[in-house]
Amino acid sequence: MKGLTAFKEKATGVFGGLKPNMEKFEISQSYHGGHGGYEEMEGGDREGRGPGGGHAYDDDDDRPDSPASFEEIERPPLRKIDKYCKAECPCMPARYTIATMACVGFMIAFGMRCNMSAAKLKGEHNGTVFMNWTVAVESHVDSSFFWGYLVTQIPGGFIASKFPANKIFGLSIVSSATLHLFVPFAMTLMHGHVVICVRVLQGLFEGVTYPACHGIWRFWAPPMERSRLATLAFSGSYAGVVVGLPLSGLLADTVGYQAPFYAYGVFGIIWYMFWIWLCFENPRKHPAISIPELKYIEKSLGESAHPTMPSLKTTPWREMMRSMPVYAIIVANFCRSWNFYLLVLFQSSFLKHKFGFKVEEAGFVGSLPHLIMTTIVPFGGMLADHLRKNGILSTTNVRKLFNCGGFGMEGLFFLFVAHSSTATGAMFALTCGVAFSGFAISGYNVNHLDIAPRYASILMGLSNGIGTLAGIIVPYALDGLIQANPTGCWTTVFTLAACVHLVGCTFYGIFASGELQPWAEPPAEEQKVWAPPPGAITNTDPSQAGMLGDYMKETSFGAPEYTEQSQMQQSSAISYGATGHVANNPFAMASGAPPIAEEDVPPTYGEVTNPGQYGYTQGQMPSYDPQGYQQQ
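Predicted, not measured: the structure shown is a model, and the values here were computed from it. (Residues numbered from 1 in each chain as written. Predicted model: local features only at pLDDT ≥ 70, side-chain atom pairs only at ≥ 80, totals over all residues. Heavy atoms only, no water.)

## A look at the overall build of the protein
Thinking step 1. Summing up its helical and strand segments, the protein has 23 helices and two strands in all.
Thinking step 2. Burial analysis of the protein (632 residues in total) assigns 54% to the buried set.
Thinking step 3. The contacts of the protein with a sequence gap of at least 6 include a subset with a gap of at least 24, amounting to 82%. (Helix = DSSP H or I, 4+ residues; strand = E, 2+ residues; numbered from the N terminus. Buried < 20%, exposed > 50% of the residue type's maximum accessible area, 1.4 Å probe, protein only. Contact = heavy atoms within 4.5 Å.)

## Topic: the pattern of salt bridges
Thinking step 1. Enumeration over the complete set of coordinates arrives at 13 salt bridges.
Thinking step 2. Between Glu410 and Arg336 there is a salt bridge, and its shortest N-O distance comes to 3.6 Å. Placement of the pair is Glu410 in helix α17 (residues 395-418) and Arg336 in helix α15 (residues 324-355), with a sequence separation of 74 residues. For the residue pair Glu410 and Arg336, the accessibility class agrees, reading buried in each case.
Thinking step 3. Put simply, Arg95, Glu225 and Glu293 are held in one network by salt bridges that share partners. (Salt bridge = Lys/Arg side-chain N within 4 Å of Asp/Glu carboxyl O.)

## With respect to the packing of α15 against helix α21 (residues 490-511)
Thinking step 1. Between α15 and α21, whose axes approach to 9 Å, the crossing angle comes to 160 degrees. One finds that α15 runs roughly antiparallel with respect to α21. The element α15 and its partner α21 pack so that their crossing is left-handed.
Thinking step 2. The residue makeup of the contact of α15 with α21, split by class, is 22 nonpolar, five polar and two charged. (Axes fitted to C-alpha atoms, helices over the stretch in contact; angles between N-to-C directions. Parallel < 35°, antiparallel > 145°, perpendicular 65-115°, else oblique. Left-handed = near helix turned anticlockwise from the far one by under 90°. Nonpolar A, V, L, I, M, F, W, Y, C, P; charged D, E, K, R; others polar.)

## Description of the environment of Phe439
Thinking step 1. Summarising the element assignment, Phe439 is placed in the loop between α18 (423-437) and α19 (447-451).
Thinking step 2. If sequence neighbours within four positions are ignored, Phe439 has contacts with Ile376, Phe379, Gly380 and Phe402.

## Points about a nonpolar patch on the surface
Thinking step 1. Together, Val266, Phe267, Ile270, Met273 and Phe274 make up an exposed nonpolar region whose accessible area comes to about 460 Å².
Thinking step 2. Inspection of the secondary structure puts Phe267 in helix α12 (residues 259-278). (Patch = residues over 30% accessible without salt bridge, like charges linked within 9 Å, V, L, I, M, F, W, Y side chains within 5 Å. Areas by Shrake-Rupley, 256 points an atom, 1.4 Å probe, with all protein chains shown as cover.)

## Structural notes on the packing of aromatic side chains
Thinking step 1. Applying the stated rule across the entire model yields 32 aromatic pairs.
Thinking step 2. Aromatic pair Phe106 and Phe234: ring centres 5.9 Å apart, planes at 65 degrees, arrangement edge-to-face. Of this pair, Phe106 sits in helix α3 (residues 94-112) while Phe234 is found in helix α11 (residues 226-254), placing the two residues 128 residues apart along the sequence.
Thinking step 3. Summarising the aromatic geometry, the rings of Trp490 and Phe494 are spaced 6.4 Å apart at their centres and angled 40 degrees between planes, so their arrangement reads as tilted. Highlighted residues: Trp490 and Phe494, both in helix α21, separated by four residues, approximately one helical turn. Of the two residues, Trp490 and Phe494, neither departs from the other in class, the shared state being buried.
Thinking step 4. Positioned above the aromatic ring of Phe110, the side-chain terminus of Arg113 is 3.9 Å from the ring centre.
Thinking step 5. Over the aromatic face of Tyr149 sits the side chain of Arg113, whose NZ or CZ is 4.9 Å from the ring centroid. (Phe/Tyr/Trp six-rings, centres within 6.5 Å; stacked < 30°, edge-to-face > 60°. Lys NZ or Arg CZ within 6 Å of the ring centre and 35° of its normal.)

## Side note on the side chain of Ser463
Thinking step 1. As for its position among the elements, Ser463 is in helix α20 (residues 456-484).
Thinking step 2. Its relative accessible area of 1% is what places Ser463 among the buried residues.
Thinking step 3. Sequence-distant contacts of Ser463, that is, excluding residues within four places in its chain, are made with Ile329, Ile330, Asn333 and His448.

## Remarks on the confidence of the model for the protein
Thinking step 1. In this model, the protein carries an average pLDDT of 76, and 69% of its residues clear a pLDDT of 70 or more.
Thinking step 2. Segment residues 66-71 is flagged for pLDDT under 50; beyond a separation of four residues in sequence, or across chains, it makes 21 contacts in the model.
Thinking step 3. pLDDT under 50 marks residues 595-599. Its contacts with residues more than four places away, or in other chains, come to 19 contacts. (pLDDT = per-residue confidence, 0-100.)

## Comments concerning the environment of Leu250
Thinking step 1. With respect to the helices and strands, Leu250 occurs in helix α11.
Thinking step 2. Remark: the alpha-carbon pair of Leu250 and Phe364, spanning 114 residues in sequence, is separated by 8.8 Å.

## Side note on the nonpolar core
Thinking step 1. One finds Phe169, Trp217, Trp275 and Phe494 to be the most contacted residues of the largest nonpolar core, which totals 97 residues.
Thinking step 2. For this core, the leading source of residues is α15, giving 13 residues.
Thinking step 3. Both of domain 1 (91-306) and domain 2 (314-519) provide at least three residues apiece to this core.
Thinking step 4. Phe494 has contacts with Leu342, Leu343, Phe350, Phe414, Val417, Ala418 and Leu430, leaving out every residue within four places of it along the chain. (Core = buried A, V, L, I, M, F, W, Y, C linked by side-chain atoms within 4.5 Å. Domains from an automatic or database assignment.)

## Some thoughts on the packing of α3 against helix α10 (residues 209-220)
For any two helices packed against each other, one specifies the crossing angle of their axes together with the interaxial distance.
Thinking step 1. Remark: α3 packs on α10, axes separated minimally by 11 Å, with the N-to-C direction vectors making an angle of 175 degrees. With respect to their mutual orientation, α3 and α10 come out roughly antiparallel. Residue-level contacts link Ala94, Arg95, Ile98, Ala99, Phe106 and Phe110 of α3 to Thr209, Tyr210, Cys213, Ile216, Trp217 and Trp220 of α10.
Thinking step 2. In the contact of α3 with α10, the residues fall into 10 nonpolar, one polar and one charged.

## A look at helix α5 (residues 135-151)
Thinking step 1. With 17 residues, α5 extends 25 Å between its outermost C-alpha atoms, agreeing within 8% with the 24 Å of an ideal straight helix rising 1.5 Å per residue.
Thinking step 2. The axis of α5 is deflected most strongly, by about 40 degrees, at Ser143.
Thinking step 3. Residues of α5 that are buried include every one of Val137, Glu138, Ser139, Val141, Asp142, Ser143, Ser144, Phe145, Phe146, Gly148 and Tyr149, and no others. (Expected span 1.5 Å × (residues − 1). Bend = angle between axes of the 7 residues up to and from the residue.)

## With respect to α12
Thinking step 1. Helix length check: α12, at 20 residues, gives a terminal C-alpha distance of 29 Å against a target of 28 Å (1.5 Å per residue), a fit within 8%.
Thinking step 2. Within the span of α12, buried status applies to Ala259, Pro260, Phe261, Ala263, Tyr264, Gly265, Gly268, Trp271, Trp275, Trp277 and Leu278.

## A look at the environment of Gln347
Thinking step 1. You can see Gln347 is positioned in helix α15.
Thinking step 2. The exposure class assigned to Gln347 is buried, which follows from its relative accessible area of 1%.
Thinking step 3. Sequence separation between Gln347 and Ser367 is 20 residues, and the spatial gap between their C-alpha atoms is 9.4 Å.
Thinking step 4. With near-sequence residues (within four places) excluded, Gln347 lies in contact with Leu245, Leu342, Gly366, Ser367, His370 and Leu430.

Okay, here's the thing in structure tokens:
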């Protein structure tokens, strides 16, 4: 123990000479979060169980921290813009800032999909066939976006795994927004063939947005916050329709059919500037994230600091294709996409042709169901996390309840829409049906992270790609039907939509799962977790008194017993702290400090030989497992 005490005193003396060009923080071993979970580590007269009276992140107050707790956390260098304006939103944590920005990005992406329907309705309102397009050309224009969107779904999962997912997400939306500026000009060329090519390119770029978003949450979403963070981001797709339908109709009616395309193109470029300023690949690369939030995210996700990314060869395709929970997600995605694209592409036509709404009226009234759904989606995410976190329902039951309940109620209300004879009754039923479907997003749309978090972006690309087929089929299936009978076809349209949802509800209820699948387990080398070396925690430090008791002596099955002396004499050095790889580390260059070599990580861990000696009873001893520390 004297060696560690001398080493600590030496380190304390050296810390005074640190260079000021980087922020460096040493985390206390007993630290578990500041006031409210996000305050910096400062003392103060505050109430709570955390340092300085703050609230702890978890209930495991007596647990030793992870390797990150013992190493220096070196902040990344500031960019030029960070010197003038800090890369943070003062009112929310970093992970919720990213979720909010992703939500706005989806709003722009899905708002752009509403522009074409508003432009076509404006042409019809003037008593002419829009751009003199035939029914076939009009169907090609409507579905061409999804041709490209389908192609990049699965490749998008690998791209998001290989490259920083935040950059992929941002580039996909800004590229599509830039192309959107050229759509009005392309519409006037070659009878619609040029605009079809432009929309295919837009689809190619936007096809990676959902896989990339799942790639972001792989590093940013604590397990018990997956539903709320993912649904907050994905709610932008429905909020985009809420804003896009009335705004597109208003701009097309007051300015011209070109105005919505120019407006959303500019919106996308402005959003991208804020995205690259505020959003980063993972918490360690964020220059302004608070240390408590950084530690909370990393500890909740586990201690695999450098997980290997899946590749085409390492992805278990055969097992994935035999997994019924995967098919449950795919079928649910297709069914939801059918109804979603039905409303995005034809809801305004439904209100105009059946009930005589004007273009701008159809946009504003049609946005009401999506407005309600936008509020339901994040609420459903929080409710789902509450049920899981408090052990009220298992993850599997939560996913099935939310998905089947949402799908079933939407299908039922769509039957009312199909047989409604008044605009009030139709809009009431449509609003209720779309609102209930918001709960389904906390079912199938985050289920990838439950069954295979390692392959979540790939699974999202696969399921969303199949769902995109609905966006291709719907225009071809309905355009001719609407042209032939624009007033009386809607009973058939909404009855078919209700049947699609009921099929998805049944299939998901039977085959879905919320448990990690055997084929999605991480490799054995990534399941090794760190435990504090024997002798690293002592009673010599008064700050540790009452926290962990005396030194915890652990042995491994079939392995020699580790002691402080054997640790100091170890020849091989594998660094789990900051002594080997952090630039300008004072420990590595401290004169007179004895060299410290750390032991290899044992593959398994034994039991404490005499827990009573250190103030523990057998039931109180902490243990370590591959999913992170859990208090036994």
